[in-house]
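Architecture at a glance
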Amino acid sequence: MALLTHLLACVFGTGSWVAINGLWVELPLLVTVLPEQWDLPSYITIIIQMANIGPLFVTLMHRFRPGLLKEVAVIYVVVSVGVVACLLLAFLWNYTSLIAGTPHSTAFLVLTFFLALVDCTSSVTFLPFMMQLQPQYLTTFFIGEGLSGLIPALIALGQGSGISTCANITHTVNITTGNETEQSTVFQLETRYLPANFSTLVFFLLMTVMMLACLLAFFFLARQSQVWELSQQQLFPSSIMLSSVEQISNEGAGSQLSGGCSCSKDAKGHRDILPEKVSYPLAKLSFIYLLIAWVSALTNGVLPSVQSYSCLPYGNTAYHLAATLSSMANPLACIVAMVLPSRSLALLGTLTMAGMGFGAYNMAIAVMSPCPLLQQSQWGDATIVLSWVLFTGTLSYVKVMAGVILRSRSHSALVCYGAVEQLGSLLGALLMFPLVNIYGFFKSADYCSLQCPT
């Protein structure tokens, strides 16, 4: 029974961010079809930040109207919306319409908002529900949460999305000189996208299956939580009775006046089990929160908006590998943080500087698009992929360890962590959206027909 509950907790955890992670790893294929093209990542980034209205609403309801929102009912609604949105996305992802005379992928963007709403709201609903189960299942839930990034990345690698080749296309043009018109043959390299191993329809259907599995796992976990709650209600009176019997047998009837000490002994035993609270000076706390805001702005707002501009000049294969492998780096960094934790602020600061270095390289390449450094070299392809993986991995480790440090302080410190993280992400997205979509600061071009100086 315990093994089955661990499996259910893991499957439930995979539904937390699987939909949005699936969108990110499918982008190398989507940017070649949807009218937003290279600007699509910046649209997704700002939509995700808009979807934070979901967790904000839940948090405010818990604060001002506690008990009104039933946690189990909210999760049922949230996950069901995710299942329906994924299913609709599988069939409507390429539907476009004209907005102000410009074609936009309206169905994709609207459904992306609902998927982001589901995933953002899961951050404030899934974890509190898991607190109703026995503590050992919480670790399994976090493993499933990490798999929500790993599994879509592996599926995208198997799909081979966005792989392209350069084809030599022959065009016949008419050249008029004076009164004579002559036909001339022009050879031009154009990008030809190779068919994926399976379609986008199949990919989003697989995401639908994962969301449906999450819903079924939650159904059975909700039943488990009710059983656990009932057993706790039955256990507490019997524990009190057993404690009283032991107190009488060990100390004798004459020592009943000291029975009040049994509570303090129990409390002391609980304090030994609970993690010791750690206090930090105001300067160190400020440093940690600034670190969280800055790292979140980079990883959730600034750099994702320009990933297409930094990778596509090297070809779709480089973009495909950068998107999928960097998605794998996130859960792997979380595993490293569990195995090799470090609370040293000096180390976290050093890793942040290293991550900023990789991020600066990615941003510099995006600014130089469509003619970046080492464009026609395999070293350029390998460098940009490695830079994205290390950028994501180092800063993900920093965010995880910052959360561990604040968790040892207090519950309110973790609440502030979430607020600062979302604020940093929002500021990063708001900064980049006008630069990418309004002012056209970053330039795109066809990889095969580039005319770059050698």
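Here is a short report on the structure shown in this document.

Definitions and limits used
Residues numbered from 1 in each chain as written. Predicted model: local features only at pLDDT ≥ 70, side-chain atom pairs only at ≥ 80, totals over all residues. Heavy atoms only, no water. Helix = DSSP H or I, 4+ residues; strand = E, 2+ residues; numbered from the N terminus. Buried < 20%, exposed > 50% of the residue type's maximum accessible area, 1.4 Å probe, protein only. Contact = heavy atoms within 4.5 Å. Areas by Shrake-Rupley, 256 points an atom, 1.4 Å probe, with all protein chains shown as cover. Phe/Tyr/Trp six-rings, centres within 6.5 Å; stacked < 30°, edge-to-face > 60°. Core = buried A, V, L, I, M, F, W, Y, C linked by side-chain atoms within 4.5 Å. Axes fitted to C-alpha atoms, helices over the stretch in contact; angles between N-to-C directions. Parallel < 35°, antiparallel > 145°, perpendicular 65-115°, else oblique. Left-handed = near helix turned anticlockwise from the far one by under 90°. Nonpolar A, V, L, I, M, F, W, Y, C, P; charged D, E, K, R; others polar. Polar contact = N/O pair within 3.5 Å; in protein donor to acceptor, adjacent residues only side chain to side chain. Salt bridge = Lys/Arg side-chain N within 4 Å of Asp/Glu carboxyl O.

With that out of the way, let us pick up the overall build of the protein. Check the secondary structure of the protein and you find 16 helices and four strands. Within the protein, the fraction of its 454 residues that count as buried is 44%. Here the contacts in the protein between residues at least 6 apart in sequence split such that 81% fall between residues at least 24 apart. Of the accessible surface of the protein, which amounts to about 23300 Å², a share of 68% is contributed by carbon and sulfur atoms.

One pass over the structure, following the stated rule, counts 14 aromatic pairs. Between Phe 12 and Phe 129, the aromatic rings sit 5.8 Å apart at their centres with planes inclined by 75°, giving edge-to-face as the arrangement. Highlighted residues: Phe 12 in helix H1 (residues 2–14) and Phe 129 in helix H7 (residues 126–130), separated in sequence by 117 residues. Owing to a relative accessible area of 0%, Phe 12 belongs among the buried residues under this scheme. Centre to centre, the rings of Phe 12 and Phe 141 are 5.8 Å apart; their planes meet at 45°, and the pair counts as tilted. Here Phe 12, found in helix H1, pairs with Phe 141, found in helix H8 (residues 136–159); they are 129 residues apart in sequence, far enough to count as distant. Overall, Phe 141 belongs to the buried group, its relative accessible area being 1%. Chaining the aromatic ring pairs together yields one cluster made of Phe 12, Tyr 76, Phe 126, Phe 129, Phe 141 and Phe 218.

Our next topic: unusual backbone geometry. Here the residue pair Ser 369 and Pro 370 is connected by a cis peptide bond, since its omega of 10° sits within 30 degrees of zero. Note that Pro 370 resides in the loop between helix H14 (345–368) and helix H15 (378–407). Even without being a glycine, Gln 37 presents a positive backbone phi close to 50°. Its identity is not glycine, yet Leu 374 carries a phi of approximately 55°, on the positive side. The class of Leu 374 is partly exposed, set by a relative accessible area of 45%.

Now for the nonpolar core. Judged by nonpolar contacts, the single largest core of 102 residues is most densely connected at Phe 12, Leu 40, Phe 108 and Met 130. Beyond its immediate stretch of four places on either side in the chain, Phe 12 contacts Ile 75, Phe 126, Phe 129, Met 130, Phe 141, Cys 214, Ala 217, Phe 218 and Leu 221.

Turning to the packing of helix H11 (residues 282–302) against H14, a few remarks are in order. Interhelical geometry of H11 versus H14 gives an angle of 25° and a closest axis separation of 11 Å. Classified by the angle between their axes, H11 and H14 sit roughly parallel to one another. The element H11 and its partner H14 pack so that their crossing is left-handed. When H11 is examined against H14, the residues Lys 284, Phe 287, Ile 288, Leu 291, Trp 294, Val 295, Leu 298 and Val 302 are found in contact with a partner set consisting of Leu 345, Leu 348, Gly 349, Thr 352, Met 356 and Met 363. Here the residues of the contact of H11 with H14 sort into 11 nonpolar, two polar and one charged.

Here the focus is the side chain of Ser 42. Assignment of secondary structure puts Ser 42 in helix H3 (residues 40–50). Judged by relative accessible area, which is 1%, Ser 42 ranks as buried. Within the structure, Ser 42 has its side chain in polar contact with the backbone oxygen of Asp 39 (distance 2.7 Å).

Another point: the pattern of salt bridges. Tallying each qualifying case throughout the model produces one salt bridge. Salt-bridge contacts for Glu 421 lead to Lys 399; the nearest nitrogen and oxygen are separated by 4.0 Å. A residue pair is termed long-range when its members are at least 10 positions apart, and Glu 421 in helix H16 (residues 411–437) and Lys 399 in helix H15 qualify at 22 residues. Here the two residues Glu 421 and Lys 399 agree in accessibility, since each one is buried.

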